[in-house]
Amino acid sequence: MPVNPQLLGRFVWHDLMTTDLPTAVKFYRSLFPEWSLHAIPTGGPVAYHSIRANGLDCGGICPISADGGIPSHWLCYVAVDDCAAAVRRTESAGGRCLVPMMSVPGVGKFAVVADPQGSILKPFEIEKNIALPTTPRSGQFAWDEVLAPDVGELRRFYESVFGWSSIETPIENTGIYSLFKVGQDNVAGGLSMPSNSDHPAYWLPYLYADDLDQRSKSAASLGAAVCVPPQDIPGIGRFAVHTDPTGGNFALFRLA
């Protein structure tokens, strides 16, 4: 089946790369009862846990070694028509390929790349269509946002690699926000970190929660750190940012 061209340039999958798989599975299963987690054998000692949220397959939880020096993190996938070409564009535009392209039969081809300021993601040449939510429901991925020292400087990079266009818009109490677009559709955002931040650049996934305030309280009670308590984005919605008990950063979001 030909892949839907409407998927190209959009975030289509999210993996939590975690140094503590049992703790991560327990935390997210408790926080998102909408998730159905299915263990898939990998040939190694631990399984990959696929995520199905409110009827849509959308990601997974994958173990990484605690001895490797890489902390737990969410890794976001962007659909492309040619992964090898996307890697070449990444390097030409000043980014780096961290993990060379690999192919998984029946799934597709992907690589791990970093933009010039160090945030990482995966260009993903998918072999079969993935359904994205038209209107997000609780537990589904609703948005992706890059936080970096200077997002304005990244706009040309992402235009070169994924064909995104971008605009800058002021947001009350936030500052200048970059919106990345495919055609007329907003597909991601970007916000420059404070100059005194020592956190490395990263992509932050937003998970939808109709009951955002209660869900944020639940996250804290389950062991997550509160990075940004629930607050409004005027005219847009409400959000909160947490770090899960294994170190992975994620946001909660609800439309206004």
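Look up a bit, the structure's there.
Anyway, here's the lowdown on the structure attached to this text. (Residues numbered from 1 in each chain as written. Predicted model: local features only at pLDDT ≥ 70, side-chain atom pairs only at ≥ 80, totals over all residues. Heavy atoms only, no water.)

## Here's the deal with the overall build of the protein chain
Here comes step 1: For the protein chain, the helix and strand inventory stands at four helices and 16 strands.
Here comes step 2: Here the C-alpha atoms of the protein chain give a radius of gyration of 17 Å, agreeing with the 18 Å that 2.2 N^0.38 yields for 256 residues.
Here comes step 3: Expressed as lengths along the three principal axes of its C-alpha atoms, the size of the protein chain is roughly 50 × 45 × 35 Å.
Here comes step 4: In the protein chain, which comprises 256 residues, the proportion classed as buried is 48%.
Here comes step 5: For the protein chain, contacts bridging at least 24 residues in sequence account for 59% of all contacts bridging at least 6.
Here comes step 6: As displayed, the protein chain has an accessible area near 12,200 Å², and 54% of this comes from carbon and sulfur atoms.
Here comes step 7: Put simply, the protein chain has 18 plus and 25 minus side-chain charges, and the middle of one group is 5 Å from the middle of the other. (Helix = DSSP H or I, 4+ residues; strand = E, 2+ residues; numbered from the N terminus. Rg over C-alpha atoms; globule rule 2.2 N^0.38 Å. Buried < 20%, exposed > 50% of the residue type's maximum accessible area, 1.4 Å probe, protein only. Contact = heavy atoms within 4.5 Å. Areas by Shrake-Rupley, 256 points an atom, 1.4 Å probe, with all protein chains shown as cover. Lys, Arg positive; Asp, Glu negative; His and termini not counted. Charge placed at Lys NZ, Arg CZ, Asp CG, Glu CD.)

## Remarks on unusual backbone geometry
For residues besides glycine, phi is generally negative; the peptide bonds are generally trans as well.
Here comes step 1: Within the chain, asparagine 54 stands out as a residue other than glycine whose phi angle is a positive 50 degrees.
Here comes step 2: Examined against the element boundaries, asparagine 54 turns out to sit in the loop between strand 3 (48-53) and strand 4 (56-63).

## Things to note about the pattern of salt bridges
Here comes step 1: Inspection of the entire model under this criterion finds seven salt bridges.
Here comes step 2: Linking arginine 215 and aspartate 211 is a salt bridge whose minimum nitrogen-to-oxygen distance equals 2.9 Å.
Here comes step 3: In this structure arginine 215 comes out as buried when scored by relative accessible area, which is 6%.
Here comes step 4: Put simply, arginine 238 and aspartate 232 hold a salt bridge, and the shortest N to O gap is 3.0 Å. (Salt bridge = Lys/Arg side-chain N within 4 Å of Asp/Glu carboxyl O.)

## Some points on the pairing of strand 10 (residues 165-171)
Here comes step 1: Direction of pairing for strand 10 relative to strand 11 (residues 175-182): antiparallel, over a ladder of seven bridges. Bridge pairing in strand 11 links proline 170 to isoleucine 176.
Here comes step 2: Counting the residues between successive antiparallel strands, the hairpin from strand 10 to strand 11 contains three residues, one of them, asparagine 173, with a positive phi of roughly 70 degrees. (Pairing = 2+ DSSP bridges.)

## With respect to the sheet that holds strand 14 (residues 225-233)
Here comes step 1: Taken together, eight strands build an open sheet; the order of strands is 10-11-12-9-13-16-15-14 and the sheet is mixed. Taken across any chain shown, the strands that pair with only one partner, and hence form the sheet edges, are strand 10 and strand 14. Each adjacent strand pair in this sheet contributes to an overall mean axis angle of 25 degrees, direction not counted.
Here comes step 2: Pairing of strand 9 (residues 141-148) with strand 12 (residues 185-192), which is carried by four bridges, proceeds in the parallel orientation. For glutamate 145, the partnering residue across the bridge sits in strand 12 and is glycine 189.
Here comes step 3: Against the sheet, helix 4 (residues 212-221) contacts strand 14, strand 15 (237-243) and strand 16 (249-255), and its axis sits at roughly 5 degrees relative to strand 15. (Axes fitted to C-alpha atoms, helices over the stretch in contact; angles between N-to-C directions.)

## What to know about the state of the cysteines
In protein chemistry, a disulfide is the covalent bond that joins the sulfur atoms of two cysteines.
Here comes step 1: One pass over the structure, following the stated rule, counts zero disulfides.
Here comes step 2: Left without a disulfide partner, cysteine 62 is nearest to the cysteine sulfur of cysteine 76, which lies 14 Å away.
Here comes step 3: Considering cysteine sulfurs only, cysteine 97 is the nearest to cysteine 83, which forms no disulfide, with 8.0 Å between them.
Here comes step 4: For cysteine 83, a relative accessible area of 0% puts it in the buried group. (Disulfide = S-S within 2.5 Å.)

## Brief notes about helix 3 (residues 155-162)
Two residues of an α-helix separated by three or four positions point the same way, owing to the 3.6 residues in each turn.
Here comes step 1: Among all positions in helix 3, only Phe157, Tyr158, Val161 and Phe162 are buried. Looking straight down helix 3, one finds its buried side chains confined to an arc of 95 degrees; they lie on one side.
Here comes step 2: Glycine 163 lies just past helix 3 and shows a positive phi near 75 degrees. (Arc of directions from axis to C-beta.)

## A short note on a nonpolar patch on the surface
Here comes step 1: A grouping of Leu98, Val99 and Met102 is seen on the molecular surface, where their side chains present a nonpolar patch of about 220 Å² in accessible area.
Here comes step 2: Here valine 99 lies in strand 6 (residues 96-104). (Patch = residues over 30% accessible without salt bridge, like charges linked within 9 Å, V, L, I, M, F, W, Y side chains within 5 Å.)

## Digging into the sheet that holds strand 2 (residues 35-40)
Sheet strands line up and pair through hydrogen bonds in the backbone, either parallel or antiparallel.
Here comes step 1: Read from one edge to the other, the open sheet built from eight strands follows the order 2-3-4-1-5-8-7-6, with strand pairing classed as mixed. Two strands close off the open sheet at either side, each with one partner strand: strand 2 and strand 6. Direction aside, the axes of adjacent strands within the sheet are offset by 25 degrees on average.
Here comes step 2: In this fold helix 2 (residues 83-92) packs onto strand 6, strand 7 (108-114) and strand 8 (120-126), with an angle of close to 10 degrees to the strand it touches most, strand 7.

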